[in-house]
Amino acid sequence: MLSIDKMIDRIEELPSPDFVVQKIISVASDPHASAQELADAIMMDASLSSKVLKLANSAYYGIPRRISVLSEAIMILGFKTVRNLAMSVFTYSSLFSSNGTEAINRKSLWRHFVYVAVGSETLGEILGYPVKEELFINGLLHDIGKVALDVISPRMMRAISSITSAKNRTFLEAEKLLEIPPHTSIGAKLVERWGLPDVIVQTVEGHHSPEMFLDSINAEVVAIVHVADVVANMMFPGDSLSYGKPNLSHDALNLLVLRPKTLIRFMDRFKVKVKKADEFLEM
Amino acid sequence: MAETIGSTEKIVNLFSSFIMELNNVHSTEEVFSALIRIMRKTVNVNWMAILDAERKPIKIYPNSSELNIGRFSELIEWALDNKTHSFYPVGEEIVGFLPMIKGGDVLGIILIGLSQEPRVEEIDALRVFSFLSSTVSENVRLLEEVVEKNRLVEETMKYLHSILDTFPEMVIVVSQEGEIVYMNRRFVEEGDVEGLKDEALKIARQVIETKVRRVGEYEKEGQYYSIVAEPLQYQNTYQAVTTIMNVTSTKELERLKQLDRMKTEFVANISHELRTPLAAIKAYSETVLDSLKELDENTLKDFMETIYRESMHLENLLDELLDFSRMERKALKLERRDVDLVEVVKDAVDSMREYAKSNGVKLEVVLPEGSLKANVDPSRMRQVLLNLISNGIKYSKKDEGESYVKVVLKDEGEKVQIIVEDNGIGIPEDKLDKIFEKFYRVDSSLTYEISGTGLGLAIVKEIVELHGGRIWVESEEGKGSKFYVEIPLKVE
């Protein structure tokens, strides 16, 4: 069995965000940046820019008029949304280009990423969280640890896979049962290494146990992604190789003041939103 | 012209001034004015429009501008549907769509026309400002609603209060804890009568306990109050709505009506009483006059005796009437002398023996030994005794066992007591306190079964009281009565 440190060393084998993606992330979080600067950064990769434009014009956003220029997309959808699109394209490609087993279905896992991203954004919208775009990227990356685990130790992934599907257990329960370093910690180390913001590191680390970060300034983000993840796992069991009954954190519900009525409203809206997210699934 | 942001300090300043302005707003209108000011400080604003949830403009900057909002309707709907803040290039301008959303509900949308592309930090600031102002404006609106509701509630309360205050009745509401939780003005003004509140509270508590309507009465210094308490369920507790009404005038009217009725009865009664002896005198004297020659001495004597007896009776009746009229004019006077009461009583009893005998009533007398000197009006005392004794005989049980009237004179040291006891028909309990009232007769009817003016006992009472004494009665219906007269011995 590999120790977590040895595993982290092997994370190098995973593709890391290239220069373009890194530039996009830094421009999108620069308060002085203009739309044109962000557009310039994306245009450095022609295939990325066309994919971003395609997503911007997708049914998910449903913009009433067609956007043909990146800077316009940035103005209309916002800097952070366009950054999310770029990040989605990168995550998608890294997910499908990396080596790994067939123990986990990459397509299903990607669908889980997109659905939790959409779910987090939708829940934020319903709860009145002002920067819902931040929720999208956090939801998108929350389970990146599972990709890492698959690359680092296909053997472990296979073991987990057999337990969760056969015994109707959650991914987390299987990890504990097998005494495998959790995908949350591995994922957190990975995004930290990629130089992504703290909030993403904390979300990846705490999305199964949001109580860890109750005192953090990112507590709400972690809690929202947690709820979206649990709901996605219940509605689409197995997408992230997790079966059984996921545990919904009371601390998260309390922190978000999430009442059953609101939760039901979220689930209704979530169902509508995922139907519009098809273009994210096939890039 | 707005300065470019560019430093944390400037952002902090913008936020500080916006928050300060929001602290002082009292209406949604003021919130949006503050919002427009802060937006203009943040970016170069050509125009602004704030639309409500029905997409109707509620605030426009500049005031005079005529904006064609209609051309944005598609984008407005998109922004609201996606709850997304976005900026569109429209011609030379960049138009911002900032939905106002609270708890998932759309409150409206802010449209803002900018002359140049906003930067990331500017967009963020505009977003936060619109978030803040929608939250504050919604709260202010709710507050306005609450204030308006409160005003309405207060007005309704005032209206109801003024209605309750015009009630001729005093109204109080008593809580389950027995406290007065409401009183109308009538109660405040007229309810301060000793004992009245306690009586009302007592009845109210019974109502709260039994949850059944209750009625009571209270009397103080000649004022009569009727108390009615109704149970009222209020917020899972029981209260008592208690109405108090001064019914003195109603009672007084009732009393006067009764007095009037009694006077009418009295007139009829007294005419009858006067006619009976008069008719006898007339008939006998006519017979004597018509048959003077045929009548023998014995028959004549018999006739003349009847005439004499009936005139005496007539005289008595007239005396009684005169006494009564004196009494009414407060002109009844005593002629006090030092007399021996034993003699007075013995004399009065003796004079009634014949009457008692003819009615089959045994007359007994119990006197103290020796004499009993008192300073009284002897003829008035005799009148009292005759009246009580004749009443005893008059109201004896006819055709039933052995009737008696017993007169007892008792020396009680400072005072004397005269008791006139009989085993007659007695007096019903509810009439006991009325028999000393003028015109009152227990049978109180025009049946004339028993003769009498109904004035006797009223006069007796007056005489006793003029002597500084008192009179009372103990009686049981069907068993007999016992009249007590107490006179202080005032020997000079």
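From a predicted model like this one, the values you see are computed outputs, not experimental measurements. (Residues numbered from 1 in each chain as written. Chains lettered and ligands numbered in written order. Predicted model: local features only at pLDDT ≥ 70, side-chain atom pairs only at ≥ 80, totals over all residues. Heavy atoms only, no water.)

Caption draft 1: The arrangement of the overall build of chain B in detail. Within chain B, the secondary structure is distributed over eleven helices and 17 strands. Expected size for 492 residues packed as a compact globule is a radius of gyration near 23 Å; at 49 Å, chain B overshoots this value by more than 25%. Overall size of chain B, expressed as C-alpha extent along the three principal axes, is 155 × 55 × 40 Å. A sequence separation of at least 24 residues applies to 60% of the contacts in chain B between residues at least 6 apart. Total accessible area on chain B stands at roughly 27,500 Å², and carbon and sulfur atoms take up 50% of it. The positive charge centre, built from 63 side chains, and the negative charge centre, built from 88, are 2 Å apart in chain B. (Helix = DSSP H or I, 4+ residues; strand = E, 2+ residues; numbered from the N terminus. Rg over C-alpha atoms; globule rule 2.2 N^0.38 Å. Contact = heavy atoms within 4.5 Å. Areas by Shrake-Rupley, 256 points an atom, 1.4 Å probe, with all protein chains shown as cover. Lys, Arg positive; Asp, Glu negative; His and termini not counted. Charge placed at Lys NZ, Arg CZ, Asp CG, Glu CD.)

Caption draft 2: Highlighting the sheet that holds strand E6 (residues 170-174) of chain B. Residues and elements named next belong to chain B. Across the sheet, which stays open at both edges, the five strands sit in the order E7-E6-E10-E9-E8 with antiparallel pairing between neighbours. The two strands at the open ends of the sheet, each matched to only one other strand, are strand E7 (180-183) and strand E8 (214-220). Averaged over neighbouring strand pairs, the angle between their axes works out to 25° when direction is ignored. Note: E6 against E7, three bridges, orientation antiparallel. Bridge pairing links Val-174 to Ile-180 in E7. (Pairing = 2+ DSSP bridges. Axes fitted to C-alpha atoms, helices over the stretch in contact; angles between N-to-C directions.)

Caption draft 3: Examining the packing of aromatic side chains more closely. All names here are of chain A. Counted according to the given criterion, the structure contains 19 aromatic pairs over all chains. Centre to centre, the rings of Tyr-60 and Phe-280 are 5.5 Å apart; their planes meet at 85°, and the pair counts as edge-to-face. Of this pair, Tyr-60 sits in the loop between helix H4 (46-56) and helix H5 (70-77) while Phe-280 sits in helix H17 (residues 278-281), and the two are 220 residues apart along the sequence. Pair check on accessibility: Tyr-60 and Phe-280 agree, each one buried. Relative to Trp-194, the ring of Phe-90 lies with its centre 5.4 Å away and its plane at 75°, an arrangement referred to as edge-to-face. (Phe/Tyr/Trp six-rings, centres within 6.5 Å; stacked < 30°, edge-to-face > 60°. Buried < 20%, exposed > 50% of the residue type's maximum accessible area, 1.4 Å probe, protein only.)

Caption draft 4: Structural detail: the packing of helix H6 (residues 79-97) of chain A against helix H8 (residues 132-141) of chain A. Residue and element names in this part refer to chain A. The N-to-C vectors of H6 and H8 enclose an angle of 10°; their axes lie 9 Å apart at closest approach. In this view, H6 runs roughly parallel relative to H8, as classed from their interaxial angle. Taking contact as the criterion, the partners of Lys-80, Thr-81, Arg-83, Asn-84, Met-87, Ser-88 and Thr-91 in H6 are, on H8, Glu-133, Glu-134, Phe-136, Ile-137, Leu-140 and Leu-141. For the contact of H6 with H8, the per-class residue count stands at five nonpolar, four polar and four charged. (Parallel < 35°, antiparallel > 145°, perpendicular 65-115°, else oblique. Nonpolar A, V, L, I, M, F, W, Y, C, P; charged D, E, K, R; others polar.)

Caption draft 5: Up close: the interface of chain A and chain B. Taken residue by residue, the interface counts 31 residues in chain A and 25 residues in chain B. Of the roughly 2,300 Å² buried at the junction of chain A and chain B (both faces included), carbon and sulfur atoms supply 53%. Ranking the residues of chain A by area buried against chain B places His-32, Pro-64 and Met-75 of chain A at the top, with a combined share of 26%. The shortest N-O distance in the salt bridge between Glu-133 of chain A and Arg-127 of chain B comes to 2.9 Å. Linking chain A with chain B are 13 residue pairs in polar contact (both at pLDDT 80 or more). Elements represented by at least two residues in the side of chain A that touches chain B include exactly helix H3 (35-43), H5, H6, helix H7 (106-127), H8 and helix H16 (260-275) of chain A. Sorting elements by how many residues they give to the side of chain A that touches chain B places H5 of chain A first, with four residues. (Buried area = accessible area lost by both parts, 1.4 Å probe. Salt bridge = Lys/Arg side-chain N within 4 Å of Asp/Glu carboxyl O. Polar contact = N/O pair within 3.5 Å; in protein donor to acceptor, adjacent residues only side chain to side chain.)

Caption draft 6: Up close: the side chain of Asp-323 of chain B. Assignment of secondary structure puts Asp-323 of chain B in helix H8 (residues 297-328). Excluding residues that lie within four positions of it along the chain, Asp-323 of chain B makes contacts with Leu-332, Arg-380, Gln-383 and Ile-459 of chain B.

Caption draft 7: The sheet that holds strand E12 (residues 361-366) of chain B, seen in detail. All names here are of chain B. Strand order in the open sheet formed by five strands is E12-E14-E15-E17-E16, and the pairing between neighbours is mixed. Looking at the sheet topology across the chains shown, the edges are occupied by E12 and strand E16 (470-476). Geometrically, the sheet is characterised by an average inter-axis angle of 10° between neighbouring strands, direction not taken into account. The pairing of strand E14 (residues 403-411) with strand E15 (residues 415-422) spans seven bridges and is antiparallel. By the bridge assignment for E15, Lys-406 is matched with Glu-421.

Caption draft 8: Region of the structure containing the domain arrangement of chain B. Partitioning chain B into domains gives domain 1 (8-147), domain 2 (167-246), domain 3 (250-332) and domain 4 (334-492). Taking only C-alpha atoms into account, the centre of domain 1 of chain B sits 109 Å from that of domain 3 of chain B. (Domains from an automatic or database assignment.)

Caption draft 9: Focus on a nonpolar patch on the surface. A contiguous nonpolar surface patch, about 380 Å² in accessible area, is contributed by Tyr-159, Leu-160, Ile-163 and Phe-167 of chain B. Locating Tyr-159 of chain B in the fold gives a position in helix H4 (residues 120-166). (Patch = residues over 30% accessible without salt bridge, like charges linked within 9 Å, V, L, I, M, F, W, Y side chains within 5 Å.)

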